[in-house]
Amino acid sequence: MCKRYDVTCVYDRNKSLFDSCPELIGVHIYHSIEEISEHYGKEFDLAVIGAAEKTVYEELKSILEINGISIFSTSEKCVSVEAAGCSSKYEQTRCLKNGCAENNGIAICIYTKDSEMIIETYTHYEFLLKNGTVRLFWPISDRQTVETVQFDEACVLGMEWEDNLWHFVFDCVWHVYSMESQGYKGQYIIYDSEFSRTYLKLMKVSENRVVFVDRHSDHIIYDVKNLYVPIYPGSEIAAEYITAMARAVLVNLTAEIKSKMNYGNIFVKRVGTRRVSENVEILLKEKGFITIVPEELSVEEQIACFSQADIVVCPHGAGSTNSIFMKNDAAFIELFGKAYIAPCCLETILRQDIKYRMLVENTGHDSTDERMKYKKENNYEINDILLEITLKELMG
């Protein structure tokens, strides 16, 4: 059953996250132990602890216990998949005997037969609601009020960030390729999206083996005799599977869509946040580059476009994920603003025979105070001369 509590205050050292969190408008946010200490002694029914660092968790727990405040903590209420699962006949998974899964609108949480939540499927965002209350997804919902579906064998892939292409590819869908290559014939339970439908189609997974879950409306409990939970083996092993999956996907692209999306050199235009300055698009257009906007293309069209390009210039973001499909000897130029430099595709690029260049906005002589003002979502500029030098090197 879900229990609800009014939220009176939140403590988190990540100030930038909570200062802009619309779900917590009107709730007092504390950013240090010293700040929140003044609140102790006031009446609480419950404190929710989601601290990742053991020292912070232990400090908060001891203070709360001294003040007689009840605690809900994922550190104590959840169990790891390694501890709960048994060995699986499929690599990169663990098997839960008689496990179950439930969509809560954020992620598909997985439970053991004893209703212990698997901590790898938990996210602290499950606690936040727009009406200023906290909701605890523990334990699993009352089975008498929720539809239940039973399977003999299923692999659950409903992750929180699955609606982002990079997370979908690097954290999620390569497990399907892994399972299929090992002869798996069971069901997949995965969030419904254009990503999931396209990738599974191109991997030749029949739709009758897939449960496409509507993240926001499907409230169903899945009881599974053999429930396979993906585990993350590390970036190097994951990259091996991802590059192999990309090759398998490309085999099944139609000649028609390849012909339609054969543009040569392309500039991937980002919309929304972290947009690069217009000078980049102008310069690239002069050199014969075609501009594409991923949001205006289907997933299949994006794959076909990247797979045939000679040079791709792409601002860092989810669109960079499509670099996994680039052909041998192609070149990938990834652009970064000074506030957010996080190349996330290096492990797969390392395993491809493509050239990679990374261009970063110039930080100049910014002082420490000025650098503190950098924000991840800021738009940014790339130096024309630096881009020209890079293109000259790659184009000859």
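Residues numbered from 1 in each chain as written. Predicted model: local features only at pLDDT ≥ 70, side-chain atom pairs only at ≥ 80, totals over all residues. Heavy atoms only, no water.

Q: Hey, could you run me through the packing of aromatic side chains in this one?
A: In this description, a pair of aromatic rings is defined by centroid distance and the angle of the planes. By the definition in use, this model includes 11 aromatic pairs. Ring pairing ties together the aromatic residues Y90, Y184, Y188 and Y228, which thus form one cluster. In this arrangement the basic side chain of R197 is found over the ring face of F212, its NZ or CZ atom lying 4.0 Å from the centre. (Phe/Tyr/Trp six-rings, centres within 6.5 Å; stacked < 30°, edge-to-face > 60°. Lys NZ or Arg CZ within 6 Å of the ring centre and 35° of its normal.)

Q: Even after reading the chapter, I still don't get the pairing of strand β13 (residues 210-213), so can you show me in this structure?
A: Both faces of the sheet carry side chains from a regular strand, because those side chains alternate between them. In β13, alternate side chains face the same way, and those of V210 and F212 on one face and V211 and V213 on the other are all buried. By the bridge criterion, 4 bridges tie strand β12 (residues 187-191) to β13 in an arrangement that is parallel. Pairing of I190 across the sheet is with F212, part of β13. Remark: the β12/helix α7 (residues 194-202)/β13 crossover connection has right-handed handedness. (Buried < 20%, exposed > 50% of the residue type's maximum accessible area, 1.4 Å probe, protein only. Helix = DSSP H or I, 4+ residues; strand = E, 2+ residues; numbered from the N terminus. Pairing = 2+ DSSP bridges. Right-handed = clockwise from strand over helix to strand, strands pointing away.)

Q: How do you make sense of the packing of helix α6 (residues 165-181) against helix α8 (residues 235-251) when you look at a structure like this?
A: How two helices sit against one another is set out by the angle between their axes and by the gap between those axes. At a minimum axis separation of 9 Å, α6 and α8 run at an interaxial angle of 65 degrees. In terms of their interaxial angle, α6 and α8 are classed as roughly perpendicular. When you trace α6 past α8, the crossing you get is left-handed. The residues of α8 that touch α6, namely those facing V169, F170, V173, W174, Y177 and S178, are A238, Y241, I242, A244, M245 and A248. (Axes fitted to C-alpha atoms, helices over the stretch in contact; angles between N-to-C directions. Parallel < 35°, antiparallel > 145°, perpendicular 65-115°, else oblique. Left-handed = near helix turned anticlockwise from the far one by under 90°. Contact = heavy atoms within 4.5 Å.)

Q: Teacher, can you tell me more about the nonpolar core here?
A: Counting residues in each nonpolar core, the largest one holds 57 residues, and the members touching the most others are V169, Y199 and M245. Those residues in contact with V169 that lie beyond four places of it in its chain are W174, Y199, I242, M245, T321 and I324. Of all hydrophobic cores here, the second largest spans 19 residues; its members include L96, A101, I189 and V229. (Core = buried A, V, L, I, M, F, W, Y, C linked by side-chain atoms within 4.5 Å.)

Read these as geometric descriptors, not functional statements.
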